[in-house]
Amino acid sequence: MNAAAAPATGAPPTTTTADPSAPPSAVSPLPAHSHAAAAPSEDSTLIRPNYKQKFKPSIAQSILRQVLAENLAGKSYNAEECSAWTRTIADTVRHKLKELSLDRYKYMVQVVIGEMHGEGARMNCRAFWDPDTDNMAQETFMNDSLFCVAVVFGVFYY
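Residues numbered from 1 in each chain as written. Predicted model: local features only at pLDDT ≥ 70, side-chain atom pairs only at ≥ 80, totals over all residues. Heavy atoms only, no water.

**Student:** How would you summarise the overall build of the protein chain if you had to cite specific residues and measurements?
**Tutor:** The number of helices and strands found in the protein chain is 2 helices and 5 strands. In sequence order, the protein chain lays out its α and β elements as β-β-α-α-β-β-β. Across the 158 residues that make up the protein chain, the buried fraction comes to 25%. Of the contacts formed within the protein chain by residues at least 6 apart in sequence, a portion of 69% connects residues at least 24 apart. (Helix = DSSP H or I, 4+ residues; strand = E, 2+ residues; numbered from the N terminus. Buried < 20%, exposed > 50% of the residue type's maximum accessible area, 1.4 Å probe, protein only. Contact = heavy atoms within 4.5 Å.)

In structure tokens, the structure reads:
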């Protein structure tokens, strides 16, 4: 079997460059890939978030409450506009959650708007997640003509 011989040491290959302030005979070794010597980021080895980096339902719920009030206060139910309203609300909530800088969390936002007729409505959801890192928050907005239920799921990406 003919195999290419590998270097005996595990050192990275080096190149030599001349130092402009040094005499012409002096050269300094530099690693071929200087970016490889950089320390790995702390998040690359993170298995679980610490307490400060966890998704907090109370913060998400206050964001939901604020966005729903800003977007739906004083509005009447309009079937043609509901699609745009739900998209705007979901995008705004997701953007505000991303501003929290909870690295490696993925957000799913669900918004439902319906007309108020006095009857009840139920929403259900099932998920397979890690109860130590993943969580959810919900908020309901109602006025005389419409109701809105918004749910946010914060899932830690392993």
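**Student:** Give me the environment of Ala-69: which residues, what numbers.
**Tutor:** With respect to the element layout, Ala-69 can be found in helix H1 (residues 57–72). For the pair formed by Ala-69 and Met-142, sequence separation is 73 residues and the distance between their alpha carbons is 9.6 Å.

**Student:** I'd love a proper account of the sheet that holds strand E5 (residues 146–156), names of residues and values included.
**Tutor:** Strands in a sheet are paired, the pairing made by backbone hydrogen bonds, and the direction either parallel or antiparallel. The antiparallel open sheet is built from 3 strands, whose spatial order is E3-E5-E4. Across the chains shown, the open sheet's two edge strands, defined by having one partner strand only, are strand E3 (105–115) and strand E4 (135–142). In this sheet, adjacent strand axes meet at a mean angle of 10° when their direction is disregarded. Where E4 lies against E5, 8 bridges are found, and the strand directions are antiparallel. Paired with Asn-135 across the two strands is Gly-154, which belongs to E5. Contacts between H1 and the sheet are confined to E3, E4 and E5, with E4 contributing the most and set at about 25° to the helix. Each of E3 and E5 touches helix H2 (residues 79–98); the most contacted strand, E3, lies at about 150° to it. (Pairing = 2+ DSSP bridges. Axes fitted to C-alpha atoms, helices over the stretch in contact; angles between N-to-C directions.)

**Student:** Account for unusual backbone geometry, with residues named and values stated.
**Tutor:** Unlike most non-glycine residues, Ser-101 shows phi in positive territory, near 55°. Looking at the element boundaries, Ser-101 is found in the loop between H2 and E3. A relative accessible area of 53% means that Ser-101 is categorised as exposed. Positive phi is not limited to glycine here, since Arg-104 has a value of about 70°. Along the chain, the position of Arg-104 falls in the loop between H2 and E3. The class of Arg-104 is partly exposed, set by a relative accessible area of 24%.

**Student:** Got a sec to walk through the packing of aromatic side chains? Specific residues and values, please.
**Tutor:** Counted by the stated rule, this structure contains 5 aromatic pairs. Cluster of aromatic residues (ring-pair linked, three or more members): Phe-55, Tyr-105, Tyr-107, Phe-156 and Tyr-158. Here the guanidinium or amino end of Lys-56 rests over the ring plane of Tyr-51, the centre of that ring lying 4.9 Å away. In this structure, Lys-106 is placed above the aromatic ring of Tyr-157, and the distance from its NZ or CZ to the ring centre is 5.2 Å. (Phe/Tyr/Trp six-rings, centres within 6.5 Å; stacked < 30°, edge-to-face > 60°. Lys NZ or Arg CZ within 6 Å of the ring centre and 35° of its normal.)

**Student:** Please provide a residue-by-residue account of the side chain of Thr-133, values included.
**Tutor:** Position of Thr-133 relative to the elements: it lies in the loop between E3 and E4. Engagement of the side chain of Thr-133 in a polar contact is seen with the side chain of Asp-134, the distance being 3.1 Å. If sequence neighbours within four positions are ignored, Thr-133 has contacts with Arg-48, Pro-49, Tyr-105, Gly-154, Phe-156 and Tyr-158. (Polar contact = N/O pair within 3.5 Å; in protein donor to acceptor, adjacent residues only side chain to side chain.)

**Student:** Any chance you could break down H2 for me, citing the residues and the numbers?
**Tutor:** Here H2 contains 20 residues, and its C-alpha end-to-end distance of 30 Å stays within 8% of the 28 Å for a straight helix at 1.5 Å per residue. Next to the buried residues of H2 lie H1, E3 and E5. With a side-chain oxygen positioned 3.1 Å from the backbone nitrogen of Glu-80, the residue opening H2 is Asn-78. (Expected span 1.5 Å × (residues − 1).)

Treat this as a map of the structure, not an account of what it does.
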